[in-house]
Amino acid sequence: MNRKPIFAANWKMNKGASETEDFIKSFLSKLQGQDFPCEIVIAPPFVSLPKLADLLHTATAVQNAHAIQIAAQNCSQFDSGAYTGEISVLMLREFFVHYVILGHSERRAIYGETDAIINAKIKKAREANLKPIFCIGETLAEREAGNLETVLRTQITGGLEGVSEKDLGETVIAYEPVWAIGTGVTASSEQAQEAHAFVRSVIADLYGADAAAKIRIQYGGSVKPGNAAELMACPDIDGALIGGAALEPQSFLEIIRNGS
Ligand code: PEP
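Note that the structure is predicted; figures quoted are calculated from it, not measured.

**Here's the deal with the UniProt feature "binding site: substrate" (unreviewed entry) in the protein chain**
Item 1. Sites flagged by UniProt as "binding site: substrate" (unreviewed entry) map to Asn 10, Trp 11, Lys 12, Gly 182, Ser 222, Gly 243 and Gly 244. The greatest C-alpha distance among the annotated residues, which extend across 235 residues, is 14.0 Å, indicating that they converge on a single site.
Item 2. Here Gly 182 shows up in the loop between strand 6 (172-175) and helix 9 (189-207).
Item 3. Residue classification places Gly 182 among the partly exposed positions, given that 13 C-beta atoms sit within 10 Å.
Item 4. Contacts of Gly 182, omitting those with residues within four sequence positions, involve Gly 243 and Gly 244.

Encoded structure:
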């Protein structure tokens, strides 16, 4: 099955509009003339989306800008109304947002997002034709207690409850072991491949072999230029979701180059 790898930068709460501009100008100049067989996605903070959209999708955009897709880091599960501090999917559409990261472990742990909330957000994103990057992953304690598969199965089943096969086809899964996020500790390629193969098998149970063969599953957790090639060589790993190492244009580009 030929799955196009997807490399997504999750900037988290870093880079306002002016730093976004600096990054994009540098990144595009480095990207100039290179063509990687993958999708490149950048997820800035909400307030930097207009600047990113402007840089990538206006007349001032330079060559290669079209190759980069924009993601949001979150969205509301509601349409509009009295939800202070929230951003709706239709607001995101105005800024050429194509992807939305949902279920990130920081949203789960710090903001109490449950599988049910994540499920509602995935469905809301699909109503607006946004593509979810649906994050799942176990904590170290869960892995050490032998609960890896139970945790992943529960997160997948809960997050995708009632999601159609068609909408699954527009969804990317990001397997991100919580113990590897922002810690500098990366899952070994064996650990990552094993988890990815398991995730794919759960998708096969829920949606059938064809859907499982088609879905892209990114790895996330301390991906760097030095480990990207080995991780991306695994048969069930289809790209990466990158935090810290995607804050610098050169390092993000090297991950893409080494991993493609
Ligand atoms: C992430 O935030 O999704 C992530 C994988 O971060 P890092 O690459 O810094 O571990």
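**A short note on the environment of Glu 113**
Item 1. Topologically, Glu 113 is positioned in the loop between helix 4 (105-111) and helix 5 (115-127).
Item 2. It is 9.6 Å that separates the C-alpha atoms of Glu 113 and Leu 102, two residues lying 11 residues apart in sequence.
Item 3. For Glu 113, the residues in contact, after removing those within four places along its chain, are Gly 103, Arg 107, Arg 108 and Ile 118.

**Digging into helix 9**
Item 1. With 19 residues, helix 9 extends 26 Å between its outermost C-alpha atoms, agreeing within 8% with the 27 Å of an ideal straight helix rising 1.5 Å per residue.
Item 2. Every buried residue of helix 9 is accounted for by Ala 192, Ala 195, His 196, Val 199, Arg 200, Val 202 and Ile 203. Buried residues of helix 9, viewed axially, fall in a sector of 155°; they line one side.
Item 3. Packing partners of the buried residues in helix 9 comprise helix 7 (148-159), strand 6, helix 10 (209-214), strand 7 (216-220) and helix 11 (225-232).

**Some details on the UniProt feature "active site" (unreviewed entry) in the protein chain**
Item 1. Mapped onto this structure's residue numbering, the UniProt feature "active site" (unreviewed entry) falls at His 104 and Glu 176. A compact arrangement is adopted by the annotated residues: their sequence extent is 73 residues, whereas the largest C-alpha distance between any two is 8.4 Å.
Item 2. Among the secondary structure elements, His 104 is positioned in the loop between strand 4 (97-102) and helix 4.
Item 3. Excluding residues within four positions of it along the chain, Glu 176 makes contact with Ser 105, Cys 135, Gly 137, Ile 181, Gly 220, Gly 221 and Leu 241.

**Brief notes about the pairing of strand 5 (residues 131-136)**
On a regular strand, one side chain projects to one face of the sheet and the next to the other, so that they alternate.
Item 1. Among the six residues in strand 5, six count as buried, and that is most of the element.
Item 2. Here strand 5 shows no split at all, with Lys 131, Ile 133 and Cys 135 on one side and Pro 132, Phe 134 and Ile 136 on the other all buried.
Item 3. In terms of strand pairing, strand 4 meets strand 5 through four bridges, oriented parallel. Looking at the pairing, Tyr 99 lines up with Lys 131 of strand 5.
Item 4. As paired strands, strand 5 and strand 6 are joined by four bridges and run parallel to one another. Bridge pairing in strand 6 places Cys 135 opposite Ala 174.

**Here we look at the nonpolar core**
Item 1. Judged by nonpolar contacts, the single largest core of 71 residues is most densely connected at Ala 8, Val 41, Ala 71, Val 100, Ile 133 and Ile 242.
Item 2. If we skip the residues at most four places from it in the chain, Val 100 touches Ala 71, Ala 72, Cys 75, Leu 92, Ala 125, Leu 130, Pro 132 and Ile 133.

**Description of the sheet that holds strand 4**
Item 1. The sheet built from eight strands closes into a barrel, its strands ordered 1-2-3-4-5-6-7-8 with parallel pairing. Between one strand axis and the next, the sheet turns by 25° as a mean value, whatever way the strands run.
Item 2. As paired strands, strand 2 (residues 39-43) and strand 3 (residues 68-72) are joined by three bridges and run parallel to one another. Bridge pairing in strand 3 links Val 41 to Gln 69.

**Focus on the environment of Pro 249**
Item 1. The topology assignment puts Pro 249 in helix 12 (residues 249-259).
Item 2. Sequence separation between Pro 249 and Tyr 207 is 42 residues, and the spatial gap between their C-alpha atoms is 38 Å.
Item 3. Apart from residues no more than four positions distant in its own chain, Pro 249 is found in contact with Phe 23, Ser 26, Phe 27 and Lys 30.

**Side note on the site of the ligand**
Item 1. Near the ligand you find 13 residues, and of these Ile 181, Gly 182, Gly 220, Gly 243 and Gly 244 are the closest.
Item 2. Across the shell around the ligand, the residue classes tally to five nonpolar, seven polar and one charged.

**Concerning helix 2 (residues 49-57)**
Every α-helix winds through 3.6 residues per turn, so residues three or four apart in the chain are directed the same way.
Item 1. Turning to helix 2, its buried residues number three or more, namely Leu 49, Leu 52, Leu 55 and Leu 56. The buried residues of helix 2 all sit within an arc of 130° when viewed along its axis, so they share a single face.
Item 2. Where helix 2 is buried, its residues meet helix 1 (17-31), strand 2, strand 3 and strand 4.

How each quantity is defined
- Throughout this description, residue numbers start from 1 for each chain and increase along the sequence as written.
- This being a predicted model, a pLDDT of at least 70 is required before a residue's local features are given, and a value of 80 or more before pairs of side-chain atoms are given or counted; all residues contribute to the totals for chains, interfaces and linings.
- UniProt positions are given in the numbering used here, feature names are shortened, and annotations may be inferred rather than shown by experiment.
- Secondary structure elements follow DSSP: runs of H or I of four or more residues count as helices, runs of E of two or more count as strands, with numbering from the N terminus.
- Any residue with 12 or fewer other C-beta atoms within 10 Å of its own C-beta is exposed, any with 20 or more is buried, and the rest are partly exposed; the C-beta atoms used are placed from the backbone.
- This entry defines residue contacts through backbone-placed C-beta atoms, with two residues in contact when those atoms are within 7 Å.
- Here a helix's expected span is defined as the number of its residues, less one, multiplied by 1.5 Å.
- Taken from the helix axis, the directions to the C-beta atoms give the arc we talk about.
- Being paired, for any two strands, means DSSP has found at least two bridges between them.
- By definition, a nonpolar core groups buried Ala, Val, Leu, Ile, Met, Phe, Trp, Tyr and Cys residues that connect through C-beta atoms lying within 7 Å of each other.
- Between N-to-C directions, angles span 0 to 180 degrees; the directions come from axes that are lines fitted to C-alpha atoms, helices contributing only their stretch in contact.
- We call a residue near a molecule or strand when the C-beta position, derived from backbone atoms, sits within 6 Å of it.
- Residues are sorted three ways: Asp, Glu, Lys and Arg are charged, Ala, Val, Leu, Ile, Met, Phe, Trp, Tyr, Cys and Pro are nonpolar, and all the rest, Gly among them, are polar.

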